[in-house]
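Architecture and fold: a report
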Amino acid sequence: MANNTVAPGKVLSTPGSAGRISPEGTQVLSKKKLQDLVREIDPNEQLDEDVEEMLLQIADDFIESVVTAACQLARHRKSNTLEVKDVQLHLERQWNMWIPGYGSDEIRPFKKACTTEAHKQRMALIRKTTKK
C-alpha cells in the first residue's frame, strides 16, 4: 500500500515498537520538528538517535491517550463529536494542564496547594539546619 489508499474496513498500519500497531504517517511530531525544538532551547545540543525515537514514542503515546480519554468523555456526553472541552477537561483533570486561548475565556484561578502542618515543621527544621 504505497499510495495511502485504504480499502473500506481496512486500517493503514504497520507493526510498531513492542509489537504495537501504529498508523503510518500520522506522527504529530516529526524528527525534524523535534530537532528544531531542541535547537530552539539549546542551539548546541544534539540528541542521540535512540533518544529522538523515545521522545517521539512518548509524544505519540501521550497524544493517543489524551484523544482516547477525550473520546470517552464525548461518548459520556452522548455525543458523536469530539470537542475542545473534552480534551480540555481531560488535560486539566488528569495532567493539571490548561491550554490558554481555547474554549471559554474565563480567567483560571491559580490553585495553591495547601501545606500540611507536618510539611511546615519539616521545612522549618531544614531552614534551621541550613542556617548553621
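Notes on the structure in this doc start here.

1. Topic: helix 2 (residues 49-76)
End to end, helix 2 covers 41 Å across 28 residues, agreeing with the expected 40 Å (1.5 Å per residue, within 8%). Along helix 2, the residues classified as buried are Glu 52, Leu 56, Ala 59, Val 66, Ala 69, Ala 70 and Ala 74. In this structure, the buried residues of helix 2 make contact with helix 1 (31-41) and helix 3 (84-95). Taken from the residues just after helix 2, Lys 78 is the one with a positive phi, measuring 60°.

2. Focus: the environment of Gln 88
Structurally, Gln 88 can be placed in helix 3. Placed 22 residues apart in sequence, Gln 88 and Val 66 show a C-alpha to C-alpha distance of 9.5 Å.

3. What to know about a nonpolar patch on the surface
Taken together, Val 84, Trp 95, Met 97, Ile 99 and Tyr 102 make up a surface patch of nonpolar side chains, about 460 Å² in accessible area. Among the structural elements, Met 97 can be located in the loop between helix 3 and helix 4 (117-131).

4. Re the pattern of salt bridges
Counted under the stated rule, the structure contains seven salt bridges. Where Arg 77 meets Asp 86, a salt bridge forms, and the shortest distance between an N and an O atom there is 2.8 Å. A residue is classified by how much of its surface remains accessible, and Arg 77, at 32% relative accessible area, is partly exposed.

5. Topic: unusual backbone geometry
One non-glycine residue, Lys 78, adopts positive backbone phi at about 60°. Located in the positive-phi region is Asn 96, a residue other than glycine, with phi close to 55°. The topology assignment puts Asn 96 in the loop between helix 3 and helix 4. The exposed category is assigned to Asn 96, whose relative accessible area is 73%.

Procedures and definitions
Residues numbered from 1 in each chain as written. Predicted model: local features only at pLDDT ≥ 70, side-chain atom pairs only at ≥ 80, totals over all residues. Heavy atoms only, no water. Helix = DSSP H or I, 4+ residues; strand = E, 2+ residues; numbered from the N terminus. Expected span 1.5 Å × (residues − 1). Buried < 20%, exposed > 50% of the residue type's maximum accessible area, 1.4 Å probe, protein only. Contact = heavy atoms within 4.5 Å. Patch = residues over 30% accessible without salt bridge, like charges linked within 9 Å, V, L, I, M, F, W, Y side chains within 5 Å. Areas by Shrake-Rupley, 256 points an atom, 1.4 Å probe, with all protein chains shown as cover. Salt bridge = Lys/Arg side-chain N within 4 Å of Asp/Glu carboxyl O.

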